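Per-entry structural report
Here is how the chains run, residue by residue.
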Amino acid sequence: MNDPMRILKADHREAEKLLGKLADSEEGSERQQMVEELTMKLTAHMELEESIVYPSVREAVGAEDEEEAEVEHRLAREGLEKLSSMMEVPGFGAVVEMLKGGIMHHVQEEEHELLPELKDAISREEWAAMGDALAAAKQERGMPVPQPAQRRSSKRRTKAKSR
């Protein structure tokens, strides 16, 4: 099963990693490449959430929660625009930190409140279908889909230890 939480959390961790690298970056082509990568990945992530996840949030969790998430996405887009326009300006680090703060706030709410509430409010089948839709949309865009960790059988470990 493609778990929506696993897919979205992987995107969140990737954004956090890129923002951390950006905060320490020097002016130049490497910074520009990181800003472009962050913009591409976050924009795709937000579009997938808005088209696949948020309609269910509106229906099952509430319109106000969905609206707040949309507002936070709009602010993230504005932050990404500001980031692009200030790549070679001394205030770049401050823009990174402002964007990071907004994104981390959004991620915290999404992972600890919004998505758990959504998962509880819809059927297992709807949750699984949402994960499959996210995975398919990511694949269509050429983006990686995180796979579940391989679980090892405890029986194999027990047999291996007894040998």
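Summarised in this report is the structure supplied together with it. Quick caveat: nothing in here was measured; it's all calculated off a predicted structure.

When helices and strands are tallied, the protein shows six helices and zero strands. If you list the helices and strands of the protein from N to C, you get α-α-α-α-α-α. Principal-axis analysis of the C-alpha atoms gives the protein an extent of 60 × 50 × 30 Å. The burial tally for the protein puts 37% of its 163 residues in the buried class. Taking all contacts inside the protein whose residues are at least 6 apart in sequence as the whole, residues at least 24 apart take part in 74%. As presented, the protein carries roughly 10,000 Å² of accessible surface, and 49% of it is formed by carbon and sulfur atoms. Each charge class in the protein can be summarised by its mean position, and for the 24 positive and 35 negative side chains these summaries are 15 Å apart.

Moving on: the pattern of salt bridges. Tallied over the full model, the rule gives ten salt bridges. Two residues, Glu111 and Arg13, come together in a salt bridge whose shortest N-O distance is 2.9 Å. You can see Glu111 sitting in helix 4 (residues 92-121) and its partner Arg13 sitting in helix 1 (residues 4-23), a full 98 residues away along the chain.

Attention now goes to a negative patch on the surface. Together, Glu64, Asp65, Glu67, Glu68, Glu113, Glu117 and Asp120 line one region of the surface with negative charge. At the level of elements, helix 3 (63-85) and helix 4 are the ones that each hand at least two residues to the negative patch. When residues in the negative patch are grouped by element, the largest group, four residues, is from helix 3. Relative to the helices and strands, Glu64 resides in helix 3. On the accessibility criterion, Glu64 (69% relative accessible area) is exposed.

The next thing to look at is the packing of helix 2 (residues 29-60) against helix 3. Direction vectors running N to C along helix 2 and helix 3 enclose 170°, while the axes themselves pass 11 Å from each other. Of the possible angle classes, the one that applies to helix 2 and helix 3 is roughly antiparallel. Every residue of helix 3 that contacts helix 2 at Val35, Leu38, Thr39, Leu42, Thr43, Met46, Glu47, Glu49, Glu50, Tyr54, Val57 and Arg58 is listed here: Ala63, Asp65, Glu66, Ala69, Glu70, His73, Ala76, Arg77, Leu80, Leu83 and Ser84. Counted by class, the contact of helix 2 with helix 3 contains eleven nonpolar, four polar and eight charged residues.

The terminal C-alpha atoms of helix 2 lie 44 Å apart, and with 32 residues this matches the ideal 46 Å at 1.5 Å per residue to within 8%. In the stretch just after helix 2, Gly62 is the one whose phi turns positive, near 150°.

Our focus in this paragraph is helix 1. Along its 20 residues, helix 1 runs 29 Å from first to last C-alpha, staying within 8% of the 28 Å computed at 1.5 Å per residue. For helix 1, every residue scored as buried is listed here: Pro4, Met5, Ile7, Leu8, Asp11, His12, Ala15, Leu18, Leu19 and Leu22. Seen from one end, helix 1 has its buried residues packed into an arc of 165°, which puts them on one side. Tucked into the core, helix 1 has its buried residues touching helix 2, helix 3, helix 4 and helix 5 (124-140).

This paragraph deals with the environment of Pro55. Here Pro55 lies in helix 2. On the basis of relative accessible area, Pro55 is assigned to the partly exposed category, the value being 37%. Each C-alpha atom, one on Pro55 and one on Ile122, is 12 Å from the other, the two residues being 67 residues apart in sequence. With residues up to four places along the chain from it excluded, the contact list for Pro55 reads Glu49 and Glu50.

Rules behind the numbers
Residues numbered from 1 in each chain as written. Predicted model: local features only at pLDDT ≥ 70, side-chain atom pairs only at ≥ 80, totals over all residues. Heavy atoms only, no water. Helix = DSSP H or I, 4+ residues; strand = E, 2+ residues; numbered from the N terminus. Buried < 20%, exposed > 50% of the residue type's maximum accessible area, 1.4 Å probe, protein only. Contact = heavy atoms within 4.5 Å. Areas by Shrake-Rupley, 256 points an atom, 1.4 Å probe, with all protein chains shown as cover. Lys, Arg positive; Asp, Glu negative; His and termini not counted. Charge placed at Lys NZ, Arg CZ, Asp CG, Glu CD. Salt bridge = Lys/Arg side-chain N within 4 Å of Asp/Glu carboxyl O. Patch = residues over 30% accessible without salt bridge, like charges linked within 9 Å, V, L, I, M, F, W, Y side chains within 5 Å. Axes fitted to C-alpha atoms, helices over the stretch in contact; angles between N-to-C directions. Parallel < 35°, antiparallel > 145°, perpendicular 65-115°, else oblique. Nonpolar A, V, L, I, M, F, W, Y, C, P; charged D, E, K, R; others polar. Expected span 1.5 Å × (residues − 1). Arc of directions from axis to C-beta.

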